[in-house]
Amino acid sequence: MMHTRVGWHVEMEFREDDQHTQAVAMVRLPDGTEVRARGHASRHRTDANQPRVGEEIAGARALNELAMQLLTKAHEEIDQASGRTSHPIHV
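Reference entry: report on the structure contained in this document. Predicted model only: the values in this text are computed from it and were never measured. (Residues numbered from 1 in each chain as written. Predicted model: local features only at pLDDT ≥ 70, side-chain atom pairs only at ≥ 80, totals over all residues. Heavy atoms only, no water.)

## Details of the environment of Gly39
So the rule is basically this: Starting at the N terminus, helices and strands are each numbered in turn, a helix being any DSSP run of H or I of at least four residues and a strand any DSSP run of E of at least two. Only protein chains enter the accessibility calculation, which uses a 1.4 Å probe; a residue is then buried when its area is under 20% of its type maximum, exposed when over 50%, and partly exposed in between. Here a residue-residue contact requires only that any non-hydrogen atoms of the pair lie within 4.5 Å.
Its location among the elements puts Gly39 in strand E3 (residues 34-42). Look at Gly39 and you get buried, because its relative accessible area is 9%. The sequence separation of Gly39 and Val24 amounts to 15 residues, and the corresponding C-alpha distance is 6.5 Å. Each residue touching Gly39, except ones within four places of it in the same chain, is listed here: Thr21, Gln22, Ala23, Ala58, Arg61 and Ala62.

This is the structure in structure tokens:
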């Protein structure tokens with residue numbers, strides 16, 4: 001049996017100010033489809049300014065949303081191909 005190797009590249013972009021971090025995650029699938037998701041983080045005014053921590057939180061939230069969108073996309077494709085409703089995929 002022959003195996004095909006497929007790779008996905010995820011891009012992350014961040015926007016930050018003193019108290020907020022926004023992240024956008026994007027993956028381009030082999031068929032050319034792009035899936036994008038957003039995440040955010042807010043720093044409490046009494047917390048130390050640690051931009052890396054804000055990026056990690058906002059980035060994780062964007063990736064989590066990206067994962068949920070991919071699961072939804074997979075469900076829709078299963079349903080279309082099978083002609084029936086698939087069972088939810090839980091993470």
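Still more to cover.
## So, the pattern of salt bridges
Note the threshold: Throughout this description, the term salt bridge denotes a Lys or Arg side-chain nitrogen within 4 Å of a carboxyl oxygen of Asp or Glu.
This model, assessed by the stated rule, comprises four salt bridges. A salt bridge links Glu34 to Arg28; its shortest N-O distance comes to 2.9 Å. Exposure remark for Arg28: the relative accessible area of 42% places this residue in the partly exposed category. For Glu34, the salt bridge is made with Arg36, and the minimal N-O distance between the two is 2.9 Å. Salt bridges sharing partners connect three or more residues here, namely Arg28, Glu34 and Arg36.

## Quick word on the side chain of Lys73
What counts here: What qualifies as a polar contact is a pair of N or O atoms within 3.5 Å, subject to a donor-acceptor requirement within protein and to the restriction that residues adjacent in sequence count only when both atoms come from side chains.
Structurally, Lys73 is set in helix H1 (residues 51-82). The buried category is assigned to Lys73, whose relative accessible area is 19%. There is a polar contact of 2.3 Å between the side chain of Lys73 and the side chain of Glu77. Among all residues touching Lys73, those that are not within four sequence positions of it are Leu29, Asp31 and Thr33.

## Description of the environment of Pro30
With respect to the element layout, Pro30 can be found in the loop between strand E2 (20-28) and E3. Looking at Pro30, the relative accessible area reads 61%, which means it is exposed. Placed 22 residues apart in sequence, Pro30 and Trp8 show a C-alpha to C-alpha distance of 7.5 Å.

## A look at the side chain of His75
Mapped onto the secondary structure, His75 falls in helix H1. Here His75 falls in the buried class, since its relative accessible area comes to 16%. With sequence-adjacent residues up to four places away left out, His75 is seen in contact with Ser86, His87, Pro88 and Ile89.

## Thoughts on the nonpolar core
Going by this rule: The set of buried Ala, Val, Leu, Ile, Met, Phe, Trp, Tyr and Cys residues whose side-chain atoms join them within 4.5 Å is what this entry labels a nonpolar core.
Formed by Ala23, Ala25, Val27, Leu29, Val35, Ala37, Ala41, Ala58, Ala62 and Leu66, the largest nonpolar core amounts to 10 residues. Only E2, E3 and H1 provide two or more residues apiece to this core. Those residues within four positions of Val27 in sequence are excluded, and the remaining contacts are Trp8, His9, Val10, Thr33, Glu34, Val35, Leu66 and Leu70.

## Some points on the sheet that holds strand E1 (residues 9-16)
Using the following cut-off: Between any two strands, pairing holds if DSSP finds at least two bridges. Only the stretch in contact is used when a helix axis is fitted, and all axes are lines through C-alpha atoms; the angle between N-to-C directions ranges over 0 to 180 degrees.
Strand order in this open sheet of three strands is E1-E2-E3, and the pairing throughout is antiparallel. For this open sheet the edge positions go to E1 and E3, each flanked by a neighbour on one side alone. The average undirected angle you get between the axes of adjacent strands in this sheet is 20°. Where E1 meets E2, eight bridges bridge the pair, whose relative direction is antiparallel.

Read these as spatial facts, not as claims about activity.
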